[in-house]
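Here's the letter readout for the chains.
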Amino acid sequence: MTVWANGPWEPMQENADTLATAVVACTGIENIDEAITLLEQNNWDLVAAINGVIPQENGILQSDYGGETIPGPAFDPSHPGSAPAPSSSSAFRPVMPSRQIVERQPRMLDFRVEYRDRNVDVVLEDSCTVGEIKRILENELQIPVSKMLLKGWKTGDVEDSTVLKSLHLPKNNSLYVLTPDLPPPSSSSHTGALQESLNQNFMLIITHREVQREYNLNFSGSSTIQEVKRNVYDLTSIPVRHQLWEGWPTSATDDSMCLAESGLSYPCHRLTVGRRSSPAQTQEQSEEQSTDVHMVSDSDGDDFEDASEFGVDDGEVFGMASSALRKSPMMPENAENEGDALLQFTAEFSSRYGDCHPVFFIGSLEAAFQEAFYVKARDRKLLAIYLHHDESVLTNVFCSQMLCAESIVSYLSQNFITWAWDLTKDANRARFLTMCNRHFGSVVAQTIRTQKTDQFPLFLIIMGKRSSNEVLNVIQGNTTVDELMMRLMAAMEIFTAQQQEDIKDEDEREARENVKREQDEAYRLSLEADRAKREAHEREMAEQFRLEQIRKEQEEEREAIRLSLEQALPPEPKEENAEPVSKLRIRTPSGEFLERRFLASNKLQIVFDFVASKGYPWDEFKLLSTFPRRDVTQLDPNKSLLEVKLFPQETLFLEAKE
């Protein structure tokens, strides 16, 4: 640990710019002048300036001794001076992101606001005010702004006119709403209210007094006080019998009492825990803590140095590892179904480290591949494989401080499909190595096989390619939140570049397929139109043929009738005949004349048959006399020509009936 000399020191201008750049890199502040102002407000203490923006529970800036920040030297950039001497082991190593990340505009802030049994997600630019958040909540919760108290700010209560940017907030924030002037929602009975409380989740903000670290733990209302204390034992290595608590309600008199009955404030409640000790031990611990501020062990053990970077001391690391061994296994040995094994893994992980953790994919590794890679290019994601090992001293620290950090959880849920496996049992380890060899090849399987226990847990970042799956990164457990986030972001940059190419290829392929489909559809429609025309023409020809057949049949029938009538006519009498003869002259519609002699005693029907034999049937034509004008076809056809006065001669004409 670096020991800063007491008293101010004066850097050169380039040193001030370097510190401001580090603040920009770690906090996401876009304006370099704002970063310099923040440093000036903290007396040019880099660690304090960054911790003022990023909460300590994120594990970004903490010392080797349980989260105590190391005060940096105070200096004034306006006076020349020398920078502090470099140290062999630093509590903070700023990681410089790419220029693209630093200059992104605008900066968006995510807020999760809890009100009774509801959660409202609000996303705003940091140029907005607190009042704008309240107005959004007014629409969502139907609560007037004047009745609303927005709590949970790291800096305490703020005014509605406060600009979010001035609060130097992290990207993800948790707030809650109080409405003291509004009555609580009515319930049918006390039993119903208690049942509702049992289903609620309580956020316990627990401060470890000795190391000044906060833990945000989520518990259901049905959890007991004893379960809370056991979980705190896993985090702090303080046995339950040695825990000294402050902040429990007076009604919480029994450790078997569930949280819903204990009188805790909902949704958040603050508690403080410390180690119960004798006065002599207290004095000895005070001396040890005083010494820890100015010096650190020079141990060369890699595992212990790595663990110290997480902000916990060696005793806490061993305490967490030993407590993990006492728990039930993360995954059953020789599980028949990978989905069932992952269900137990998720449940056990939640019971150990809380509900704020990555969403583990439930299913086989092949199913995870399908979900991540074998979809449309726009919907593809990276695959993150978390390999757990209960016997590693780094496992509990990595899970609680890195893997369950809100920033990591949020980033993984947005950009990754996360799949997990427990390698603690030999059977499960062999099973995963077989899967690894099948999907990634023998080189990756051998790399995992040769990893030592204390190098676990491992985080594998997998990217799906056209013909194979590529392992982009293997992240070991001895890392920090910053380094883990930067390596995830670096993998995401590689994936995004590949994804853009895949999207372009997919769009071009879909465009070609669309053109082909359109051409096929046009060709199909053309064939259908031609077929329809052909069928219509065939129907028309068939109809014409049918009508022609009918016409021919009718003509043949008429011709047959005409011939039969013609043959049935009596012979035409001669002019010199003993009997009286009537001579009839008949004009046709075409202007021709039909002439014939009939006996005066012949019936009128014979005249009608004669006219019909010439192609003028009497049911279609009428026979008219000129003077007097009369319709002969209306007369009695059985009367003789003499009786109807068509004797000795008469001129008639044919006219078609209407």
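The structure presented is a predicted model; accordingly, all values stated were derived computationally and were not measured. (Residues numbered from 1 in each chain as written. Predicted model: local features only at pLDDT ≥ 70, side-chain atom pairs only at ≥ 80, totals over all residues. Heavy atoms only, no water.)

## Observations regarding the packing of aromatic side chains
- Considering all chains together, one arrives at 19 aromatic pairs under this definition.
- Taking 5.7 Å as the distance between ring centres and 20° as the angle between the ring planes, the aromatic pair formed by Phe-369 and Phe-373 counts as stacked. You'll find Phe-369 and Phe-373 in the same group, each marked buried.
- With a centroid separation of 5.9 Å and an interplanar angle of 80°, the aromatic rings of Phe-369 and Phe-440 are classed as edge-to-face. Separated by 71 residues along the polypeptide, Phe-369 in helix α12 (residues 365-372) and Phe-440 in helix α15 (residues 426-440) bring together distant segments of the chain.
- Taken together, Phe-345, Phe-349, Tyr-353, Phe-360, Tyr-386, Phe-398 and Phe-459 form an aromatic cluster joined through their ring pairs. (Phe/Tyr/Trp six-rings, centres within 6.5 Å; stacked < 30°, edge-to-face > 60°. Buried < 20%, exposed > 50% of the residue type's maximum accessible area, 1.4 Å probe, protein only. Helix = DSSP H or I, 4+ residues; strand = E, 2+ residues; numbered from the N terminus.)

## Describing the sheet that holds strand β7 (residues 243-246)
- What the four strands build is an open sheet, ordered β6-β5-β8-β7; its pairing is mixed. The two strands at the open ends of the sheet, each matched to only one other strand, are β6 (213-220) and β7. For this sheet the average axis-to-axis angle between neighbouring strands, irrespective of direction, equals 30°.
- By the bridge criterion, four bridges tie β7 to strand β8 (residues 268-275) in an arrangement that is antiparallel. Along β8, the bridge assignment pairs Trp-245 with Val-273.
- The strands touched by helix α7 (residues 225-236) within the sheet are β5 (201-208), β6, β7 and β8, with β6 carrying the most contacts at an inclination of about 145°. (Pairing = 2+ DSSP bridges. Axes fitted to C-alpha atoms, helices over the stretch in contact; angles between N-to-C directions. Contact = heavy atoms within 4.5 Å.)

## Description of the environment of Ala-252
- Structurally, Ala-252 is set in the loop between β7 and β8.
- Residues Ala-252 and Leu-264, spaced twelve residues apart in sequence, show a C-alpha to C-alpha distance of 8.6 Å.
- For Ala-252, the residues in contact, after removing those within four places along its chain, are Ile-225, Met-257 and Ser-262.

## A short note on unusual backbone geometry
- A cis amide bond, omega 10°, links Tyr-266 with the succeeding residue Pro-267.
- Phi at Gln-212 is positive, roughly 55°, even though this residue is not glycine.
- Counting through the fold element by element, Gln-212 comes out in the loop between β5 and β6.
- For Gln-212, a relative accessible area of 49% corresponds to the partly exposed category.
- Not every positive phi belongs to a glycine, and Lys-645 is a case in point at roughly 65°.
- Overall, Lys-645 belongs to the exposed group, its relative accessible area being 63%.

## Some points on the pairing of strand β14 (residues 593-599)
- Bridge count between strand β13 (residues 581-587) and β14: seven bridges; the pairing is antiparallel. Among the inter-strand pairings, Arg-587 is bridged to a residue of β14, identified as Phe-593.
- Following β13, the chain reverses through five residues before pairing antiparallel with β14; Gly-591 in that reversal takes a positive phi of roughly 100°.

## Brief notes about the pattern of salt bridges
- Throughout the structure, instances matching the rule amount to 27 salt bridges.
- A salt bridge links Asp-110 to Lys-171, with the nearest nitrogen and oxygen atoms 3.7 Å apart. Remark: Lys-171 occurs in the loop between β3 (149-151) and β4 (172-178) and Asp-110 occurs in strand β1 (residues 108-115); sequence separation between them is 61 residues.
- Close ionic contact of Arg-487 with Glu-483 constitutes a salt bridge, the shortest N to O distance being 3.6 Å. With Arg-487 and Glu-483 both in helix α17 (residues 481-568), this residue pair falls four residues apart, about one helical turn.
- By relative accessible area, Arg-487 is classed as partly exposed at 23%.
- Residue Glu-483 is classed as partly exposed on the basis of its relative accessible area of 31%.
- One continuous salt-bridge network, built from bridges that share partners, spans Glu-348, Arg-352 and Asp-390. (Salt bridge = Lys/Arg side-chain N within 4 Å of Asp/Glu carboxyl O.)

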